[in-house]
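Each chain, written out:
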Amino acid sequence: MTEKRTPHFLKQNDIPTVETSRNSLTAETQFSKDKTYKNMPMVVIAGRPNVGKSTLFNRLMRRKIAITDPTPGVTRDPVSAQASINGIPMLLVDTGGYKREPAVTQQEAVLDELVVQRSRAFFGKADVIILVLEAGLLTGEDEELITELRPYSDRIVLAVNKTEGGRNLADAWNYARFGFAPPIFISAEHGDNMQMLMDAVAVRVDVSRIEEDVSALSIRIAIMGKPNTGKSTLSNRLTHSDASIVSDYAGTTRDVVEGEFVYKQRLFKVLDTAGIRRKSKVQENVEYYSVNRAIKTLDACDIVFLLIDVRDGLTEQDKKICALASERGRGIIFVLNKWDTQEDKSKKAFRSIMEHIRIMFGHMHYAPIVAISALEGTGIIDLLNTALTVAEQLSRKLDTAIVNAALQDWLVQYPPPASKALHFKIRYMTQTGINPVSFLIFATKPESVPESYIAYLKNRIRSDLGYDKIPVQLELRASRINWENRRQDN
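Residues numbered from 1 in each chain as written. Predicted model: local features only at pLDDT ≥ 70, side-chain atom pairs only at ≥ 80, totals over all residues. Heavy atoms only, no water.

### Description of the overall build of the protein chain
A count of helical and extended segments in the protein chain gives 13 helices and 20 strands. The buried share of the protein chain, reckoned over its 490 residues, is 53%. Taking all contacts inside the protein chain whose residues are at least 6 apart in sequence as the whole, residues at least 24 apart take part in 72%. Carbon and sulfur atoms make up 49% of the accessible area of the protein chain, which totals about 21,900 Å². (Helix = DSSP H or I, 4+ residues; strand = E, 2+ residues; numbered from the N terminus. Buried < 20%, exposed > 50% of the residue type's maximum accessible area, 1.4 Å probe, protein only. Contact = heavy atoms within 4.5 Å. Areas by Shrake-Rupley, 256 points an atom, 1.4 Å probe, with all protein chains shown as cover.)

Below is the structure:
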């Protein structure tokens, strides 16, 4: 369950102590974006690798969130989301596979143990545990997990998977000997007996304690960057949790893991994504899906924290992320992580790095740059305050009269270029959207307006209208009516 705390701050390390919960990427949630629920029951899906947990998770969510792949051990971090089961809001958690077979490499052994520890931590918190076994295939790992779950017998719903069309039912009935409630024979892939499973879950939860919580729109942060820049460490630091597995091995994070925290009375949602590498480095199918899921996260976030290992500097992948984020009008903050490793932490050294970034990303001079240490917790307050400023600019909406008064000043200060071959008039401008922030300018010959003049107008929008830290989208459209006449017509 979500632990309730009064938001405050630990003086040590600038770490916000926050109200937290872990969810997964829910861009198409059934519930409205500004509506959440307090004290939701937690339903945890448990089982060994490759038994169908993630497929069942996606089936109950009615959309694909967790990555599914025949490769055992795909899910590592617990992936969770707010689900509706029989109309009841619940926090549904897909845990990593309970793997106890000897690993091939030391790296796999370390990660397997981390996954088991993380899964085990959720068992005690769960209101309901869906134990998934595979019909006709009971392993030593299954039996070890069953033994570990004995203390929670009253919370367990036994789901025997892969029984589509009555397959292996005779063997599946043998699982009744474990003494749990009568097993439910399902097919997560085909949807067999899902209603029966949801009924069994719903009767085990206490709906009286669920409270609707309508609050301000959350600020959605996507933590992105190449592998091993400290994304999961920062995510855990912000959410005051350890839901994202932290490891020195590149590619540990696969699913998009979401957490929440409150800072200055604003709800933040943090999306910890897989590291994005060059195509030549992406070899596994699982990593391919992880990278694509991370890129799609840009459609579900407001601000990107682009993590840069200050020891390695900028990469081509950083440029790719920035380009994708800018195209979508997302706020971007360059986060120089591992600042604690620098011998020279002076303002002069920081300014030198800033200048280098500005040169490499000349078209993104508006993006703030913040130095932090996710490991030690330094710089976090500065990062969050910067995020609040960026979020405010992304949601700012200006009256058309104010916008056009500014436009007229800009046209006087720097008149549009004119010649026999190049002649146009800019009539008026209006703001057409927020988050992403977009403006529409009407001109007599929009195709004749040079890119340099469009860039000038964008820069003036940022500097004069209060959008100096975010990207601005500007569209030109043909019109023969000026602003004054348009107002009279209306």
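### Focus: the packing of helix α1 (residues 53-61) against helix α5 (residues 194-202)
Put simply, α1 and α5 touch, their axes get as near as 12 Å, and they point 85 degrees apart. When the interaxial angle is binned, α1 and α5 end up roughly perpendicular. Taking contact as the criterion, the partners of Leu 56, Arg 59 and Leu 60 in α1 are, on α5, Met 194, Leu 197 and Met 198. Split by residue class, the contact of α1 with α5 holds five nonpolar, no polar and one charged. (Axes fitted to C-alpha atoms, helices over the stretch in contact; angles between N-to-C directions. Parallel < 35°, antiparallel > 145°, perpendicular 65-115°, else oblique. Nonpolar A, V, L, I, M, F, W, Y, C, P; charged D, E, K, R; others polar.)

### Observations concerning the pairing of strand β6 (residues 79-85)
The element β6 is largely enclosed, with a buried count of seven among its seven residues. Residues Val 79, Ala 81, Ala 83 and Ile 85 point to one face of β6 and Ser 80, Gln 82 and Ser 84 to the other, with burial holding for every one of them. Where β6 folds back onto strand β7 (residues 88-94) in an antiparallel hairpin, the turn is made up of two residues, including Asn 86, whose phi is positive at roughly 55 degrees. (Pairing = 2+ DSSP bridges.)

### Structural notes on the packing of aromatic side chains
As enumerated under the stated definition, the model contains eleven aromatic pairs in all. Between Trp 173 and Phe 185, the aromatic rings sit 4.8 Å apart at their centres with planes inclined by 75 degrees, giving edge-to-face as the arrangement. Linking Trp 173 in helix α4 (residues 169-173) with Phe 185 in strand β10 (residues 184-185), this pair joins segments that are twelve residues apart in sequence. A network of ring pairs unites the aromatic residues Tyr 414, Phe 424, Tyr 453 and Tyr 456 as a single cluster. Geometry around Phe 122 places Lys 125 over its ring, the cationic atom sitting 5.2 Å from the centre. Over the face of the ring belonging to Tyr 467 we find Arg 396, whose NZ or CZ atom lies 5.6 Å from the ring centre. (Phe/Tyr/Trp six-rings, centres within 6.5 Å; stacked < 30°, edge-to-face > 60°. Lys NZ or Arg CZ within 6 Å of the ring centre and 35° of its normal.)

### Things to note about the pattern of salt bridges
Within the structure shown, the criterion is met by 15 salt bridges. Between Asp 299 and Arg 328 there is a salt bridge, and its shortest N-O distance comes to 2.9 Å. With Asp 299 in the loop between α7 (285-296) and β15 (303-309) and Arg 328 in the loop between α8 (316-327) and β16 (331-337), the pair connects residues that are 29 residues apart, well separated along the chain. Of the charged contacts, one joins Lys 338 and Asp 309 as a salt bridge, the two residues approaching to 3.1 Å between their closest N and O atoms. In this pair, Lys 338 is assigned in the loop between β16 and α9 (347-360) and Asp 309 in strand β15, connecting sequence segments 29 residues apart. Both residues of the pair, Lys 338 and Asp 309, count as buried. When salt bridges that share partners are traced, they join Arg 48, Glu 134, Asp 142 and Lys 162 into one network. (Salt bridge = Lys/Arg side-chain N within 4 Å of Asp/Glu carboxyl O.)

### Details of the sheet that holds strand β5 (residues 42-46)
Overall, mixed pairing links the six strands, which are arranged β6-β7-β5-β8-β9-β10 in an open sheet. Looking at which strands have only one partner, the edges of the open sheet turn out to be β6 and β10. In this sheet, β10 lies alongside strand β9 (residues 156-161) in parallel orientation, the contact comprising two bridges. Counterpart to Val 160 in the pairing with β10 is Phe 185. Set on the sheet, helix α3 (residues 140-149) makes contact with β5, β8 (128-134) and β9; between it and β8 the angle comes to about 160 degrees. Strands β5, β6, β7, β8, β9 and β10 of the sheet are contacted by α5, whose axis makes an angle of about 165 degrees with β9.

### Here we look at the sheet that holds strand β20 (residues 473-478)
Across the sheet, three strands lie side by side as β18-β19-β20; this open sheet has mixed pairing. Unpaired on one side and paired on the other, β18 (426-433) and β20 mark the two borders of the sheet. This sheet shows a mean twist of 25 degrees between the axes of neighbouring strands, independent of strand direction. Pairing geometry for strand β19 (residues 438-443) and β20, over six bridges, is parallel. Residue pairing for β20: Leu 440 is matched across the bridge by Glu 475. Lying on the sheet, helix α12 (residues 451-465) is in contact with β18, β19 and β20; it crosses β20 at an angle near 125 degrees.

### Some details on the pairing of β9
Within β9, six of the six residues are buried, leaving the element largely enclosed by the surrounding structure. Burial of the side chains of β9 extends over both faces: Ile 156, Leu 158 and Val 160 are buried on one face and Val 157, Ala 159 and Asn 161 on the other. The pairing of β8 with β9 spans six bridges and is parallel. Each residue of the ladder has a partner; that of Ile 130, found in β9, is Val 157. Following the chain from β8 across α3 to the adjacent parallel β9, one finds a crossover that is right-handed. (Right-handed = clockwise from strand over helix to strand, strands pointing away.)

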